[in-house]
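Descriptive analysis of the structure
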Amino acid sequence: QVQLVESGGGLVQAGGSLRLSCAASGRTSGTYIMAWFRQGPGKEREFVAAISWSGRTDSVKDRFTISRNTARNTVYLQMNSLKAEDTAVYYCGVQVTGRWPATRLEDYDYWGQGTQVTVSS
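Residues numbered from 1 in each chain as written. Predicted model: local features only at pLDDT ≥ 70, side-chain atom pairs only at ≥ 80, totals over all residues. Heavy atoms only, no water.

1. What to know about the packing of aromatic side chains
Counted under the stated rule, the structure contains four aromatic pairs. Between Phe37 and Phe47, the ring centres sit 5.5 Å apart and the planes meet at 80°, which makes this aromatic pair edge-to-face. Taken together, the residues Phe37 in strand S4 (residues 33–39) and Phe47 in strand S5 (residues 46–52) connect sequence positions 10 residues apart. Given the relative accessible area of 1%, Phe37 is considered buried. Residue Phe47 is classed as buried on the basis of its relative accessible area of 13%. Judged by centre distance (5.4 Å) and plane angle (75°), the ring pair of Phe37 and Tyr108 falls under edge-to-face. Placement of Phe37 in strand S4 and of Tyr108 in the loop between strand S9 (88–95) and strand S10 (110–111) is noted, with a sequence separation of 71 residues between them. The ring centre of Tyr76 lies 4.0 Å from the NZ or CZ of Arg19, which sits over that ring. Sitting over the face of the ring of Tyr91, Arg45 holds its NZ or CZ atom 3.5 Å from the ring centroid. (Phe/Tyr/Trp six-rings, centres within 6.5 Å; stacked < 30°, edge-to-face > 60°. Helix = DSSP H or I, 4+ residues; strand = E, 2+ residues; numbered from the N terminus. Buried < 20%, exposed > 50% of the residue type's maximum accessible area, 1.4 Å probe, protein only. Lys NZ or Arg CZ within 6 Å of the ring centre and 35° of its normal.)

Function cannot be inferred from these measures alone, as they are strictly geometric.
Here is the structure:
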């Protein structure tokens, strides 16, 4: 089993930046995919970005960049030029088999509890 803990959320003004972190523990496989999803008010949880074990990335928005520190088993989401529409709970997910691409909720095996991001205008 894998445990994921998100951090770095908070309140930021529109146009500002924020960096989210997701620390993973309990993974035994060398191949994996880690991703960020978000769920805004009244919306379904949606894909934001993903990174594979080999370093391949996929991101819905040019303003958002996903990266990793493999030694620390941690992934990051750098969010720039934030807008009010980016307000959501951001969740970290992991797929332990490393089957790329993976942009759907059902592609992921484990989830963190989420971190709140609020963008004020």
